[in-house]
Amino acid sequence: MKIVRAKDYNDMSRKAANIVSAQMIMKPNCVLGLATGSTPIGTYAQLVEWYRKGDLDFSEVTTVNLDEYKGLSKDDEQSYYYFMNDKLFSKVNINLSRTFLPDGMEPDSDKVCRDYNKIIADVGGVDLQLLGLGHNGHIGFNEPGMAFEAETHCINLTESTMKANQRFFSSMDDVPRQAYTMGIKTIMQAKKILVVVNGADKAAIVKEAFFGAITPKVQASVLQLHNDVTIVADEAALAEVTDLCP
Ligand code: GLP
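Cut-offs and rules
Residues numbered from 1 in each chain as written. Predicted model: local features only at pLDDT ≥ 70, side-chain atom pairs only at ≥ 80, totals over all residues. Heavy atoms only, no water. Pairing = 2+ DSSP bridges. Helix = DSSP H or I, 4+ residues; strand = E, 2+ residues; numbered from the N terminus. Axes fitted to C-alpha atoms, helices over the stretch in contact; angles between N-to-C directions. Core = buried A, V, L, I, M, F, W, Y, C linked by side-chain atoms within 4.5 Å. Buried < 20%, exposed > 50% of the residue type's maximum accessible area, 1.4 Å probe, protein only. Contact = heavy atoms within 4.5 Å. Parallel < 35°, antiparallel > 145°, perpendicular 65-115°, else oblique. Nonpolar A, V, L, I, M, F, W, Y, C, P; charged D, E, K, R; others polar.

Enquirer: Break down the sheet that holds strand 8 (residues 178-181) for me, with residues and values.
Expert: The strand order across the open sheet built from 3 strands is 4-8-7, with neighbouring strands paired in antiparallel fashion. The open sheet is flanked by strand 4 (67-69) and strand 7 (153-156), the only strands paired with a single partner. Each strand axis lies, on average, 25° off the axis of its neighbour in the sheet, ignoring direction. With 4 bridges connecting them, strand 7 and strand 8 associate as antiparallel partners. Bridge pairing links Ile155 to Ala179 in strand 8.

Enquirer: Tell me what's going on with the nonpolar core, and back it up with residues and numbers.
Expert: The biggest cluster of nonpolar side chains holds 39 residues, and the ones touching the most others in it are Phe58 and Leu88. Within the residue set of this core, elements represented by two or more residues are helix 1 (9-26), strand 2 (31-34), helix 2 (41-52), helix 3 (80-87), strand 6 (128-131) and strand 9 (192-197). The dominant element in this core, judged by the number of residues it contributes, is helix 1, at 5 residues. The contact partners of Phe58, leaving out residues within four places of it in the chain, are Met24, Leu47, Tyr51, Leu88, Val92, Asn93 and Ile94. Counting 32 residues, the second largest nonpolar core, distinct from the first, contains Ile187, Val206, Val218 and Cys245.

Enquirer: So, the environment of Tyr81: which residues are in play, and what are the values?
Expert: Inspection of the secondary structure puts Tyr81 in helix 3. C-alpha separation for the pair Tyr81 and Tyr69, spaced 12 residues apart in sequence, amounts to 9.4 Å.

Enquirer: With reference to specific residues and values, describe the sheet that holds strand 5 (residues 99-100).
Expert: Taken together, the 7 strands give an open sheet; going across it, the order is 1-10-9-6-2-3-5, and neighbouring strands pair in parallel fashion. Both edges of this open sheet fall to strand 1 (2-6) and strand 5, since each of them pairs with a single strand only. Both strand 1 and strand 10 (residues 229-234) contribute to a ladder of 5 bridges, which runs parallel. Note on strand 10: the bridge partner recorded for Ala6 is Asp234. Contacts between helix 4 (residues 109-122) and the sheet are confined to strand 3 (62-65) and strand 5, with strand 3 contributing the most and set at about 150° to the helix.

Enquirer: Provide a residue-level description of the packing of helix 2 against helix 3, including the pertinent values.
Expert: The N-to-C vectors of helix 2 and helix 3 enclose an angle of 40°; their axes lie 10 Å apart at closest approach. One element, helix 2, and the other, helix 3, form an angle in the oblique class. Together, Ile41, Tyr44 and Val48 of helix 2 and Phe83, Met84 and Lys87 of helix 3 make up the contact between the two elements. Grouping the constituent residues of the contact of helix 2 with helix 3 by class yields 5 nonpolar, no polar and 1 charged.

In short, geometric facts, not functional conclusions.
Okay, structure coming up:
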């Protein structure tokens, strides 16, 4: 596990985008695992800027996203598809038919999960998986207690995650109660993992997840067992581990 220290959010975003760019340059037809949430927005903005300058080419890239709300369509402003299209897909030369998220509108949850696992297998697995970190240590939507063996599954969101996501919806009643997410097993099968974390409110969970016990109670703690994880975090998020990492 490698920890890259960034000064602030912008520095974190630039450093993370550099790592994604390196992956795209080394393997133009790579499979990127993508994440939503506020943390990676700056990373996507930086990638778009480099694309506009002519430094990056997405034409051969495939993407698979970590998660999607159940019941939200691609046109719903709160869907993760909408987010990805808004922040990245519509701004670069990616082939939209090679961008994948779980299908939020398919009523048969088992089918969504089966299909998504097959898509990930068919594209040859994820080369680089980008991850944010939830306040309770969740990655994707894998909430505390979920078995590490899980592949893509449909989950009931915890109250705390729903509250954290409420800021994006007009009321708590509008926050979806269920979502699809790649499971920990799926995430751990990525060849490389890049975690972005910023802000003082994440300092405690950074310590618990990356320097504490490996336990399903803190889903991100499993990343300690992956052989190629890079965490790019700002000073504020690293505040409680300054003595523990170089
Ligand atoms: C959501 C997403 C996660 C994300 C997390 C943290 O629950 N499903 O993938 O990592 O929120 O979000 P933020 O980056 O906004 O703190």
